[in-house]
Amino acid sequence: MEDLTPSLSDYGSLFGEDTDFYNRIVLANLLPRCVWAPLPRFLQTWLRNYLGGVLLYFISGFLWCFYIYYWKRNVYVPKDAIPSRRAMLLQIYVAMKAMPWYTLLPTVSEYLVETGWTKCYPRLYNVGWLTYLVYLAIYLVVVEFGIYWMHRELHDIKPLYKHLHATHHIYNKQNTLSPFAGLAFHPLDGILQALPHTLSLFFLPIHFTTHLVLIFLEGVWTANIHDCIHGKLWPVMGAGYHTIHHTTYRHNYGHYTIWMDWMFGTLRDPEEDEGKVK
């Protein structure tokens, strides 16, 4: 009886096709073909990730800053809490220095996927919708757990905080935090906090394109949680929680939800803080 199960080589060719397709979408629309076409696939992928990361950072940051600081001025953020242009330019400078290194991690991840080192699969029909959703839920929980502990250890291990994470925590007041602070990290700090996404690929089956989308959504999410606006959408670990993290240094290490902080005793609720102030 013929074995219809896809082989690793079949998966590898499909991953390669996907990577080439995504590279063409970005690079062909931003650069002359003579610049990027001669490059090896790895460098094409890195260049695509870099340009995509830069565009995502500036588009999400500028649009969100325009909305909350100018269009809705004084609606969401009091006038004296709006960060200065100098503060935002410094955040952009730090993020741009780190961006080439940030985008190296997903590039290496894609290479490992293509060469068969991970448990990624290329098409939804390889597993079916129900299995896809189950694995995706497990993946998100594992990433949430990993990022929580990575972030917490960057605070608890003093040399890591001093030499890596302190770069991000110079933004410790509402009038110094902005959406542009979301990626203003030491390069190694940003890579370490994104590492759970990559490590999960080695023991959890995850859809390749879904993984890429989630990596780039991190850029939008980090912009959102640094705007100091408490969205009050339980159990989301929104900007209200993350602002407390930047002012107390010892609470709200979580990523998308409050669950890890609740489980490990580091949760501090912004609404309870408001009640104490009143």
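Cut-off values and rules
Along each chain, residues carry numbers from 1 onward, in the same order as the chain's sequence is written. Reporting in this predicted model follows two pLDDT cut-offs: at least 70 for local features of residues, and 80 or more for side-chain atom pairs to be given and counted; totals over whole chains, interfaces and linings ignore these cut-offs and use all residues. Only heavy atoms go into the side-chain values, all of them from the structure, while hydrogens and water stay out. UniProt positions are given in the numbering used here, feature names are shortened, and annotations may be inferred rather than shown by experiment. Think of a nonpolar core as a cluster: buried Ala, Val, Leu, Ile, Met, Phe, Trp, Tyr and Cys residues, connected wherever their side-chain atoms sit within 4.5 Å. Classification of residues uses two cut-offs on accessible area relative to the type maximum, computed with a 1.4 Å probe and protein chains only: under 20% is buried, over 50% is exposed, and between them is partly exposed. Strands here are runs of E lasting at least two residues and helices are runs of H or I lasting at least four, both read from the DSSP assignment and numbered beginning at the N terminus. Only heavy atoms matter for contacts: two residues are in contact if any of them lie within 4.5 Å across the pair. Within 6.5 Å between ring centres, the rings of Phe, Tyr and Trp (the latter by its six-membered ring) count as paired, and their orientation is classed by plane angle as stacked under 30 degrees, edge-to-face over 60, tilted in between.

Named according to an unreviewed UniProt entry, the protein is Fatty acid hydroxylase domain-containing protein originating from Sphenostylis stenocarpa. The UniProt entry for the protein carries the following text under Subcellular location (unreviewed entry): "Membrane". Reading the Sequence similarities (unreviewed entry) entry of the UniProt record for the protein gives the comment "Belongs to the sterol desaturase family."

Caption draft 1: Just the nonpolar core, in detail. Ranked by internal contacts, the top residues of the largest apolar core, which has 18 residues, are Tyr 57, Tyr 69, Val 77, Met 99, Tyr 102, Phe 180 and Leu 183. Listed by contribution, the elements that provide at least two residues to this core are α3 (41-71) and α4 (85-102). The element best represented in this core is α4, accounting for 6 residues. When residues no more than four places from it in sequence are discounted, the contact partners of Val 77 are Tyr 69, Ile 82, Gln 174, Asp 227 and Ile 229. Among the nonpolar cores identified, the runner-up in size contains 17 residues, and Tyr 22, Val 143, Leu 201 and Leu 212 belong to it.

Caption draft 2: Main features of the packing of aromatic side chains. Here the structure, examined in full by the defined rule, presents 20 aromatic pairs. When the centroid spacing of 5.4 Å and the interplanar angle of 25° are considered together, the rings of Tyr 148 and Phe 264 count as stacked. Residue Tyr 148 is located in helix α6 (residues 129-156), and its partner Phe 264 is located in helix α11 (residues 259-264); the two are separated by 116 residues in the primary sequence. Relative accessible area serves as the criterion here: at 0%, Tyr 148 is assigned to the buried category. Phe 264 gets classed as partly exposed once you look at its relative accessible area, which sits at 30%. Considering the side-chain rings of Trp 221 and Tyr 256, the 5.2 Å spacing of their centres and the 55° angle between planes classify their relative orientation as tilted. Placement of Trp 221 in helix α9 (residues 208-224) and of Tyr 256 in the loop between α10 (239-248) and α11 is noted, with a sequence separation of 35 residues between them. Here Tyr 256 falls in the partly exposed class, since its relative accessible area comes to 22%.

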